[in-house]
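Chain and residue survey
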Amino acid sequence: MKIAILSRDATLYSSVRLLEAAAARGHEARVLDPTHCYMNITSMKPSIHYMGENLVGYDVVIPRIGASITFYGTAVLRQFEVMNTFVLNNSASISRSRDKLASSQLLARKGIDLPITAFAHNPDNIEDLIAEVGGAPLVIKLVEGSQGIGVVLAETHNAAHSVIQAFMGLNANIMVQEFIQEAAGSDIRCFVIGDKVVAAMKRQGREGEFRSNLHRGGTATLVRLTPQERSAAVRAAKIMGLNVCGVDLLRSKRGPLVMEVNSSPGLEGIEKTSDKDIAGLMIEYIEKNVGKNKSG
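Residues numbered from 1 in each chain as written. Predicted model: local features only at pLDDT ≥ 70, side-chain atom pairs only at ≥ 80, totals over all residues. Heavy atoms only, no water.

**So, the sheet that holds strand S3 (residues 37-40)**
Two pairing modes exist for strands in a sheet, parallel and antiparallel, and in both the strands are linked by backbone hydrogen bonds. Ordered by their spatial adjacency, 3 strands build an open sheet running S3-S4-S5, and the pairing between neighbours is antiparallel. At either margin of the open sheet sits one strand with a lone partner, and together these are S3 and strand S5 (53-54). In terms of strand pairing, strand S4 (residues 47-50) meets S5 through 2 bridges, oriented antiparallel. Counterpart to His-49 in the pairing with S5 is Asn-54. (Pairing = 2+ DSSP bridges. Helix = DSSP H or I, 4+ residues; strand = E, 2+ residues; numbered from the N terminus.)

**A closer look at the environment of Leu-55**
Residue placement: Leu-55 occurs in the loop between S5 and strand S6 (60-63). For Leu-55 and Met-39, which are 16 residues apart along the polypeptide, the C-alpha to C-alpha distance reads 10.0 Å. Apart from the residues within four sequence positions on either side, Leu-55 is in contact with Arg-30, Leu-32, Cys-37, Ile-48, His-49, Tyr-50, Phe-80 and Met-83. (Contact = heavy atoms within 4.5 Å.)

**Quick look at the environment of Asp-275**
Relative to the elements of secondary structure, Asp-275 occurs in the loop between helix H8 (268-274) and helix H9 (278-289). Assessed through its relative accessible area of 73%, Asp-275 is described here as exposed. In this structure the C-alpha to C-alpha distance between Asp-275 and Asn-54, which are 221 residues apart in sequence, comes to 38 Å. (Buried < 20%, exposed > 50% of the residue type's maximum accessible area, 1.4 Å probe, protein only.)

**Notes on unusual backbone geometry**
For the peptide bond that leads from Ala-136 to Pro-137, omega is -5 degrees, which places it in the cis range. Note on placement: Pro-137 falls in the loop between helix H5 (126-132) and strand S9 (138-142). Its identity is not glycine, yet Asn-171 carries a phi of approximately 60 degrees, on the positive side. Tracing the chain through its elements places Asn-171 in the loop between helix H6 (157-169) and strand S11 (174-178).

**Considering the sheet that holds strand S12 (residues 186-193)**
Within the open sheet, the 5 strands sit side by side as S14-S13-S12-S15-S16. Their pairing is antiparallel. Looking at strand neighbours, the two that pair on one side only are strand S14 (219-222) and strand S16 (255-262), the edges of this open sheet. Direction aside, neighbouring strands of the sheet carry axes that sit 30 degrees apart on average. Sitting on the sheet, helix H7 (residues 227-240) is in contact with S12, strand S13 (196-204), strand S15 (244-252) and S16, with an inclination near 35 degrees to S16. (Axes fitted to C-alpha atoms, helices over the stretch in contact; angles between N-to-C directions.)

Shape descriptors only; they carry no functional weight alone.
Right, here's the structure in full:
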């Protein structure tokens, strides 16, 4: 197969591993920076070009689109879909997953347990907003944030009020969530491929840090999932329409709570922690499914 990996950086661990895994299984793979792609959106002959080259003959696209280029990256991916190329995750699912508010609403509607989450626009509603999630401590999140950026823990009522007021004053869209004390600064990243959790790791925030993201200095260890956690992760992935994703769970007194579904999960942390060839499993999934559904 001829495989395109949409990524802005061919030297990233995830990009390199996918190239290696594809080559090891006899495929021709190439990294394309989506910001250098341009498109002809004609009904009779749609096309995608890359630095003057007409991109033709690709069987598969693996999107590794960063949050900062979601709009343009998904437009490029959508063009591949128009050209009937198999995509590992489709553009609509990626766009949906990037909107934390819409994702939470969809997951809640389908019966997935989440941390109590509140959303408001008017500063007059701040007191009610704080009360809705059970008061401080609470977590304030930018709807468009990623990798722990734009996530604040407000430990007191006054701090919560001030931070929410400041974000609203900047016209930033924020969600307010209950703080799960018993998670103790940790979460569980479940790596889902198809209808299986193929690997999982517990991420622990460094001392004094409630965010567990590895980008923020967190550490990762192997973890054994309960059947309930495994089921929640697979269901969340299916609801979001993602064939490959990272589902982040919190362990709470009332069971697993889905915190986020990541459409472009990094491979380095999960491969090194689990000692599994996750990139190879992704290519294997593509091999089994590429003929079944050409629109992803």
